[in-house]
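Remarks on the overall topology
Residue-level listing of the chains:
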Amino acid sequence: MSQHTWRWQLLRAGSFRLDGGTMFGIIPRVLWQKLAPPDDRNRIALQTNCLLLEDGRRRVLIETGYGNKFDAKNRDIFALEDRWIGTALAEVGLDRADIDAVIVTHLHFDHAGGLTFSDPAGAPPRPSFPNAKVYVQRVEWEDALANKSTMTRTYLRDHLDPVADRVVLLEGECDAIDGISVFPTPGHTWGQQGVVFRDEHGTVVFPGDVMPTASHVGAAYNMAYDVLPYDNIFTKRRLLARCADEGWRLAIDHEPGHPLMRVRHHPDRPDQFLLEPFGTSGV
Ligand SMILES: [Zn+2]
């Protein structure tokens, strides 16, 4: 991987809630409810964590959250917070036009929604980042257009069609752009990718929904949304072992608390891992 180093910070594009049972797949509620207490509609708290990378020449956004186009009914179902990636960028003094590239792990609504926006509400959606290309795996893009998913309403054309002419399709492990590489993380979707870059302290990885919260660190803690749950176990194990062995720091996409973690092998159980929070950002 490139030795290029970035300054970076965490951006929160908005909190939301999903059904706790679905988020924890085969794990019994008596176990997961201690980790993620459900509300009176059985939903658990989640965040849409994004990363902003800068090197003095370019600004790169990893992930975009759910955006600002959902109607009142969906906002209620998913408890969408009244903010989006545009709000988070404005809070750090940036305009959407300042972003030079956007990399998304996959194209479910809570990752691709922010790629496009409507102004005024209800107007035809337009690209949110007028100067950015969008980097995604070819398999993910094709599956999204074919709506190939266990869910019928997560690959939404309002999030995809307006950026179709600015998508860069990636093939497996490669440099997405100079200084940022991607690698396949199959399980949650067939075409999901993780993103890897370096800062002055070493390597940081943003793996997407391999492990949506810190509570999903256990091998069996998959989501019911995963298309390949068995594969996800191995994707997660390889990822965590690499983090522990090579000192990679982990940024967890939907963790509602502290999403930045170092990883250690469990001292007694070789296939288990322990997480330790670090920093608030790499800046
Ligand atoms: Zn997600």
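The rules behind these values
- The residue numbering used here restarts from 1 in each chain and proceeds along that chain's sequence as written.
- Local features in a predicted model are, by the rule used here, given only for residues with pLDDT of at least 70; side-chain atom pairs are given and counted only at 80 or more, and totals for whole chains, interfaces and linings are based on all residues.
- Think of the side-chain values as coming from all heavy atoms in the structure, minus any hydrogens and water.
- The numbering of helices and of strands both runs from the N terminus, where a helix is a DSSP run of H or I of at least 4 residues and a strand a run of E of at least 2.
- Every radius of gyration here is taken over C-alpha atoms, with the globule rule written as 2.2 Å times N^0.38, N being the number of residues.
- Relative accessible area decides the class of each residue, using a 1.4 Å probe on protein chains only: under 20% of the type maximum gives buried, over 50% gives exposed, and in between gives partly exposed.
- In what follows, a contact means two residues having at least one pair of non-hydrogen atoms within 4.5 Å.
- The Shrake-Rupley method, run with a 1.4 Å probe, gives the accessible areas here. Residue values count only the displayed protein chains as cover.
- Counted as positive: Lys and Arg. Counted as negative: Asp and Glu. His and the chain ends are not counted at all.
- A single reference atom marks each charge: NZ on Lys, CZ on Arg, CG on Asp, CD on Glu.
- Water is not part of the atom set, so a site may look incomplete; the donors themselves are N, O and S atoms within 2.8 Å of the metal, or 3.2 Å for Na, K and Ca.
- When four donors show all angles between 85 and 135 degrees the site is tetrahedral, when four or six donors have opposite pairs over 155 degrees and all other angles between 65 and 115 it is square planar or octahedral respectively, and in every other case it is irregular.
- In this description, a disulfide is simply a cysteine sulfur pair whose atoms lie within 2.5 Å.
- Each pair of strands is called paired provided DSSP finds at least two bridges between the two strands.
- Only the stretch in contact is used when fitting a helix axis, every axis being a line fitted to C-alpha atoms; angles between N-to-C directions are given from 0 to 180 degrees.
- The directions from the helix axis to the C-beta atoms form the arc being described.
- Two rings from Phe, Tyr or Trp (for Trp, the six-membered ring) form a pair when their centres sit within 6.5 Å of each other. Planes less than 30 degrees apart are called stacked, planes more than 60 degrees apart edge-to-face, and all others tilted.

Each helix and strand in the protein was counted, giving 8 helices and 15 strands. Relative to its length of 283 residues, the protein is compact, with a C-alpha radius of gyration of 18 Å against a globular reference of 19 Å. Projecting the C-alpha coordinates of the protein onto the three principal axes gives extents of approximately 55 × 45 × 35 Å. Here the protein holds 283 residues, and 53% of them are scored as buried. For the protein, the share of sequence-separated contacts (at least 6 apart) that also reach a separation of at least 24 residues comes to 67%. As displayed, the protein offers around 12,100 Å² of accessible surface, 49% of which is attributable to carbon and sulfur atoms. Of the charged side chains in the protein, 31 are positive and 38 negative; the average position of the first set lies 1 Å away from that of the second.

So, on to the coordination of the zinc ion. Listed as protein donors to the zinc ion are Asp110 (OD), His111 (NE2), Asp209 (OD) and His254 (NE2); their distances from the metal cover 2.1 to 2.2 Å. Here the zinc ion binds 4 donor atoms, and the angle range of 80 to 164 degrees at the metal identifies the geometry as irregular. Sequence positions of the donors to the zinc ion reduce to the motif D-H-x97-D-x44-H. Of this pair, His111 sits in helix 5 (residues 109–112) while Asp209 is found in the loop between strand 12 (202–206) and helix 8 (229–246), placing the two residues 98 residues apart along the sequence.

This next bit is on the state of the cysteines. Evaluation of the coordinates by the stated rule reveals 0 disulfides. Cys50 carries a free sulfur, and the closest cysteine sulfur to it, the one in Cys243, is 19 Å from it. Owing to a relative accessible area of 0%, Cys50 belongs among the buried residues under this scheme. Considering cysteine sulfurs only, Cys243 is the nearest to Cys174, which forms no disulfide, with 19 Å between them.

Time to look at the sheet that holds strand 15 (residues 273–277). The strand order 9-10-11-12-13-14-15 describes an open sheet built from 7 strands, whose pairing is mixed. A single partner strand is all that each edge strand has here, and the edge strands are strand 9 (174–177) and strand 15. Strand-to-strand twist across the sheet, computed as the mean angle between neighbouring axes with direction ignored, equals 35 degrees. Of the pairings in the sheet, the one linking strand 9 to strand 10 (residues 180–184) comprises 3 bridges and is antiparallel in character.

Those residues of helix 6 (residues 138–145) lying buried are Glu140, Trp141, Asp143 and Ala144. Looking down the long axis of helix 6, one finds its buried residues gathered within 165 degrees of arc, a one-sided arrangement. Against strand 7 (133–137), helix 7 (157–160) and strand 8 (167–170) lie the buried residues of helix 6. Asn147 sits one or two positions beyond helix 6 and adopts a positive phi of about 55 degrees.

All chains considered together, the criterion is met by 9 aromatic pairs. Geometrically, the ring pair formed by Phe16 and Tyr66 is edge-to-face, given 5.9 Å between the ring centres and 65 degrees between the ring planes. A residue pair is termed long-range when its members are at least 10 positions apart, and Phe16 in strand 1 (residues 7–19) and Tyr66 in the loop between strand 3 (59–62) and helix 3 (72–77) qualify at 50 residues. Across this residue pair, the class does not change: Phe16 and Tyr66 are buried.

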